[in-house]
Amino acid sequence: MVGGTKRLPRAVREQQMLDAAVSVFAENGFRDTSMDSIAAQAKISKPMLYLYYGSKEELFSACIAREGGRFIDAMSVGFDPKLRQSEQARTVVREFLRYVDENGESWRVLYRVAVGSAAFADTVSTSRRHIVDMVSDLIRRGTTVEGALDIDFELTAIALVGAGEAVADRMSEGDVDLETATDLLVGITWRGLKGVGIHTPS
């Protein structure tokens with residue numbers, strides 16, 4: 001019998017399985033990960049793993065859903081519409097990058113393994129769309145600029161998320177530290193936000 005199989009509440013056991021799966025998927029990718037390796041990492045039997053998640057695809061989808069939800073939750077930490085727009089920009093950027101800094105395996109599963117797996121492209125696209133929508137809403141609530149249009153907030157959010165993903169990827173490789181990455185991205189973001197609501201007459 002595999003060690004560590006004492007009775008636990010189902011919700012706790014599920015989280016343990018997902019923790020193990022995220023770790024193994026992040027290390028090996030989707031194709032080269034086996035249910036045997038995940039079961040071993042979780043210290044459970046493979047039949048038990050299949051009892052909870054009927055296939056590797058189902059397990060990976062559950063990982064994406066959980067990690068995407070955690071990422072979105074982290075992005076909203078500390079947001080206060082009473083803050084100045086520049087401070088709001090730093091809050092959004094820092095929480096984005098802090099999550100990557102503290103959850104490297106989660107980031108790799110969401111933005112490397114999942115992105116590289118065609119079968120999960122729609123799931124990743126939906127998760128990214130939720131993040132863009134949330135960032136757009138944060139920018140809208142945090143700006144006092146008059147005359148800004150919905151498209152201003154949406155395009156700013158798309159640019160911010162895209163730049164954030166690129167910087168976060170380099171940070172996850174150890175190429176840049178959290179504070180340096182935050183300062184760099186805040187500088188870029190703030191210059192962009194100052195232009196929100198400013199339209200050149202056609």
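Data block above holds the structure.
Residues numbered from 1 in each chain as written. Predicted model: local features only at pLDDT ≥ 70, side-chain atom pairs only at ≥ 80, totals over all residues. Heavy atoms only, no water.

*Asks:* I keep staring at the packing of helix 1 (residues 10–28) against helix 4 (residues 56–75) and nothing clicks. Help me out?
*Replies:* Helices that pack against each other are described as a pair by the angle of their axes relative to one another and the distance between those axes. Packing of helix 1 against helix 4 leaves a shortest axis separation of 10 Å and a crossing angle of 95°. With respect to helix 4, the element helix 1 is oriented roughly perpendicular. Along the contact surface, helix 1 presents Gln15, Leu18, Asp19, Ala21, Val22 and Phe25, while helix 4 presents Lys56, Leu59, Phe60, Ala62, Cys63, Arg66, Glu67 and Arg70. When its residues are assigned to classes, the contact of helix 1 with helix 4 shows eight nonpolar, one polar and five charged. (Axes fitted to C-alpha atoms, helices over the stretch in contact; angles between N-to-C directions. Helix = DSSP H or I, 4+ residues; strand = E, 2+ residues; numbered from the N terminus. Parallel < 35°, antiparallel > 145°, perpendicular 65-115°, else oblique. Contact = heavy atoms within 4.5 Å. Nonpolar A, V, L, I, M, F, W, Y, C, P; charged D, E, K, R; others polar.)

*Asks:* How should the nonpolar core be read in this particular structure?
*Replies:* Burial of nonpolar side chains together is a common tendency in soluble globular proteins. Counting residues in hydrophobic clusters, the biggest one holds 55 residues, and the most contacted among them are Leu97 and Val135. It is helix 1 that contributes the most residues to this core, eight residues altogether. Non-local contacts of valine 135, meaning those with residues more than four positions away in its chain, are made with Met75, Val92, Ala157, Leu160 and Val161. (Core = buried A, V, L, I, M, F, W, Y, C linked by side-chain atoms within 4.5 Å. Buried < 20%, exposed > 50% of the residue type's maximum accessible area, 1.4 Å probe, protein only.)

*Asks:* Would you mind going over the environment of serine 37 with me for this structure?
*Replies:* Among the structural elements, serine 37 can be located in helix 2 (residues 35–42). Using a relative accessible area of 24% as the deciding quantity, one classes serine 37 as partly exposed. Residues serine 37 and alanine 21, spaced 16 residues apart in sequence, show a C-alpha to C-alpha distance of 8.7 Å. A distance of 2.7 Å separates the side chain of serine 37 from the backbone oxygen of serine 34, its partner in a polar contact. (Polar contact = N/O pair within 3.5 Å; in protein donor to acceptor, adjacent residues only side chain to side chain.)

*Asks:* Mind showing me how you'd approach a nonpolar patch on the surface here?
*Replies:* A grouping of Leu149, Ile151, Leu155 and Ile158 is seen on the molecular surface, where their side chains present a nonpolar patch of about 330 Å² in accessible area. Structurally, the position occupied by leucine 155 is in helix 8 (residues 150–172). (Patch = residues over 30% accessible without salt bridge, like charges linked within 9 Å, V, L, I, M, F, W, Y side chains within 5 Å. Areas by Shrake-Rupley, 256 points an atom, 1.4 Å probe, with all protein chains shown as cover. Salt bridge = Lys/Arg side-chain N within 4 Å of Asp/Glu carboxyl O.)

*Asks:* Is there a simple way to explain helix 4 in this structure?
*Replies:* Because each turn of an α-helix spans 3.6 residues, side chains separated by three or four positions in sequence point in the same direction. Here helix 4 contains 20 residues, and its C-alpha end-to-end distance of 29 Å stays within 8% of the 28 Å for a straight helix at 1.5 Å per residue. Residues Lys56, Leu59, Phe60, Cys63, Ile64, Arg66, Glu67, Gly68, Phe71, Ala74 and Met75 constitute the buried set of helix 4. (Expected span 1.5 Å × (residues − 1).)

*Asks:* Explanation requested: the pattern of salt bridges in the structure shown.
*Replies:* Two side chains of opposite charge can pair, provided their charged atoms sit close to one another. Per the counting criterion, the structure on display carries 13 salt bridges. For the salt bridge of aspartate 19 with arginine 66, the shortest nitrogen-to-oxygen distance reads 2.8 Å. One end of the pair, aspartate 19, is in helix 1; the other, arginine 66, is in helix 4, and 47 residues separate them in sequence. Its relative accessible area of 14% is what places arginine 66 among the buried residues. The shortest N-O distance in the salt bridge between arginine 70 and glutamate 67 comes to 3.8 Å. Taken together, the residues arginine 70 and glutamate 67, both in helix 4 and three residues apart, mark about one turn of the helix. For arginine 70, a relative accessible area of 36% puts it in the partly exposed group. Glutamate 67 sits in the buried class, given a relative accessible area of 2%. What you see here is one network of salt bridges that share partners, running through Asp19, Arg66, Glu67 and Arg70.

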